[in-house]
Amino acid sequence: MSIRTIAVLGAGLMGRGIAYVSALGGYTTRLQDTSREQLDKAHAEIGAIFEKGVATGKVADSAAIDAMKRLHTAVTLEDAVKDADLVIEAVPERIELKIELFAKLDQLAPKHAVLASNTSSLSITEMAAATTRAPLVVGMHFFNPVHRMKLLEIVRALETSDTTLQACEAVGLAMGKECVTVRESPGFVTSRINALIGNEAFYMLQEGVASAHDIDKALKLGLNHPMGPFELVDLVGLDTRLSILRFLHRTLGEKFRPCPLMEQYVAAGRLGRKAGRGVYEYPEHGEKKGKA
Ligand SMILES: NC(=O)c1ccc[n+]([C@@H]2O[C@H](COP(=O)([O-])OP(=O)(O)OC[C@H]3O[C@@H](n4cnc5c(N)ncnc54)[C@H](O)[C@@H]3O)[C@@H](O)[C@H]2O)c1
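Per chain, the residues get numbers from 1 upward, laid out in the order the sequence is written. With the structure being a predicted model, the display of local features is reserved for residues of pLDDT at least 70 and the display and counting of side-chain atom pairs for 80 or more, all residues being used for whole-chain, interface and lining totals.

Numbering goes from the N terminus for both helices and strands, where a helix is a DSSP run of H or I of at least four residues and a strand is a run of E of at least two. Helix and strand content of the protein chain: 12 helices and 8 strands. Relative to a compact globule of 292 residues, whose C-alpha radius of gyration would be 19 Å, the protein chain shows 19 Å and is just as compact. Expressed as lengths along the three principal axes of its C-alpha atoms, the size of the protein chain is roughly 55 × 45 × 30 Å. Field definition: a residue is buried when 20 or more other C-beta atoms are found within 10 Å of its C-beta, exposed when 12 or fewer are, and partly exposed for counts in between, with C-beta atoms placed from the backbone. Burial status across the protein chain gives 44% buried among its 292 residues. A separation of at least 24 residues holds for 65% of the contacts in the protein chain among residues at least 6 apart in sequence. Only C-alpha atoms enter the radius of gyration, while the globule expectation follows 2.2 Å times N to the 0.38, with N the number of residues. By the criterion used throughout, residues are in contact when their C-beta atoms, derived from the backbone, lie within 7 Å.

Pasting the structure below:
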């Protein structure tokens, strides 16, 4: 299976990072979003990451220029996927949206194309059932920020073929990632553990055990976590984390019941860095400010 062109659907936090590693990995990359504004922002942000990479000596100037030439944007799904060998969707974490998208992709993408979801938790098998090509449907779970995080969690759904898994691993390697392959299970390995830690941190904040700042500090300095749970959820997006928890609660039971305080933050629009405020506040230059 030869992969040359990758379509990335959804130009939010994750889609833009996946498009970056895809273009840098040598693939013709078509980044699509229903919002032209998001696409323009994504294109500018990807350019800025390349500029920073060149300035710090992590990316060669010529590699950055070539990668930007390989990056294209599209508003319609048809334009994005018509010549794709691999489609990676990174639209919001809602199963009905993903199922509808996979049904459309089955019609619009070439018959040989692998269809991958970057879902953090949902069932790839359910998405595959909306298509006529279940052996070509797979999970490719990247981590935020994609250009810095080493792991790619590849998820084998009920009918994913070995050839599809091998193709995804080869793509992951070309994108500079280390891969682990897991059998489909709610939240896979990473989201299941991370959701539990993050939710428990919110319960502690709700109970007044410590401030958000001190809970973060305790996990970083006492348990050697590179980021505190609140810093991390602000990066991930509280809405995304809440969707994951609701799904894990439905599928794995009571220990994943979302903390009411997290529900309140989401209701208040405190969605994290992307909204300018989450558990912490982010003034224009993106620096963390204040305690919760
Ligand atoms: N945020 C994280 O840290 C993280 C990490 C790993 C995986 N994920 C997963 O990645 C996916 C995307 O998350 P995100 O944080 O990038 O979300 P996001 O809200 O930042 O971006 C989603 C983008 O999808 C676009 N969109 C909505 N409907 C669309 C459609 N039908 N077609 C094309 N584009 C559409 C939106 O305009 C938006 O730009 C989710 O499944 C999430 O669980 C997120």
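Still more to cover.
Once that is clear, we can look at helix α8 (residues 190-207). With 18 residues, α8 extends 26 Å between its outermost C-alpha atoms, agreeing within 8% with the 26 Å of an ideal straight helix rising 1.5 Å per residue. Turning to α8, its buried residues are S191, A195, G198, N199, A201, F202 and L205. In a view along the axis of α8, the buried residues occupy a sector of 155°, so they form one face of it. Away from its buried face by more than 90 degrees, α8 exposes I193 and E207. Lining the buried residues of α8 we find α9 (212-223), α10 (229-236), α11 (238-252) and α12 (260-267). The span one expects for a helix is its residue count, reduced by one, times 1.5 Å. It is the directions from the helix axis to the C-beta atoms whose arc is reported.

In this section: the packing of α8 against α12. Running from amino to carboxyl end, α8 crosses α12 at an angle of 90°, the nearest separation of the two axes being 8 Å. The pairing of α8 with α12 is recorded here as roughly perpendicular in orientation. Here F202, L205 and Q206 of α8 come into contact with α12, specifically with P260, L261 and M262. Axis definition: a line fitted to C-alpha atoms, limited for helices to the stretch in contact. Angles are taken between N-to-C directions and run from 0 to 180 degrees. Oblique is the label for every angle not falling under 35 degrees (roughly parallel), over 145 degrees (roughly antiparallel), or within 65 to 115 degrees (roughly perpendicular).

Take the domain arrangement of the protein chain next. The source of the domain bounds is an automatic or database domain assignment. Considered domain by domain, the protein chain is made up of domain 1 (5-183) and domain 2 (190-275). Distance between the C-alpha centres of domain 1 and domain 2: 26 Å. Listed by partner, the interface residues are 8 residues for domain 1 and 11 residues for domain 2. Per-class residue counts for the side of domain 1 that touches domain 2 are 2 nonpolar, 3 polar and 3 charged. All residues other than Ala, Val, Leu, Ile, Met, Phe, Trp, Tyr, Cys, Pro, Asp, Glu, Lys and Arg, Gly among them, are scored as polar; the first ten of these are nonpolar and the last four charged.

Our focus in this paragraph is unusual backbone geometry. Cis geometry is adopted by the peptide bond preceding P145, which originates at N144 and carries an omega value of 0°. Tracing the backbone through its elements, the reader meets P145 in the loop between β6 (137-141) and β7 (151-156). Residue F188 is not a glycine yet carries a positive backbone phi of 50°. As for its position among the elements, F188 is in the loop between β8 (178-183) and α8. With a phi close to 65°, N224 is a non-glycine residue in the positive phi region. Position of N224 among the secondary structure elements: in the loop between α9 and α10.

So, on to the site of the ligand. Any residue qualifies as near a molecule or strand once its backbone-derived C-beta atom lies within 6 Å of it. Among the 27 residues in the neighbourhood of the ligand, the closest are listed as G10, G12, M14, E93 and N144. With 3 residues, the single largest contributor to the shell around the ligand is helix α1 (residues 13-24). Class assignment for the residues of the shell around the ligand results in 11 nonpolar, 14 polar and 2 charged.

For the purposes of this analysis, a nonpolar core is taken to be any set of buried Ala, Val, Leu, Ile, Met, Phe, Trp, Tyr and Cys residues that are connected through C-beta atoms within 7 Å. Membership of the largest hydrophobic core comes to 58 residues, with the highest contact counts inside it found for L86, V87, L115 and V138. Here V138 is in contact with V114, A116, I124, I154, V155, A157, T160, T164, L165 and C168, once residues within four sequence places are set aside. Counting residues in each nonpolar core, the second largest holds 25 residues, with A201, L232, L242 and F247 among its members.

Quick look at the pairing of strand β2 (residues 28-32) now. Burial runs high along β2: 4 of the 5 residues are buried. We treat two strands as partners when DSSP finds at least two bridges between them. Pairing between strand β1 (residues 5-9) and β2: 5 bridges, direction parallel. Note on β2: the bridge partner recorded for V8 is L31. When β2 meets strand β3 (residues 71-74), the two strands line up parallel, connected through 4 bridges. Across the sheet, the residue bridging to L31 is T73, located in β3.

A word on the pairing of β7. Both β6 and β7 contribute to a ladder of 3 bridges, which runs antiparallel. Looking at the pairing, G139 lines up with V155 of β7. In this structure, β7 lies alongside β8, joined through 6 bridges in parallel fashion. Its bridge partner lying in β8, V155 is registered against V182. Crossovers are marked right-handed if the path from the first strand over the helix to the second runs clockwise, as seen with the strands pointing away from the viewer. Of the crossover connections in this fold, the one passing from β7 over helix α7 (residues 162-174) to the parallel β8 is right-handed.

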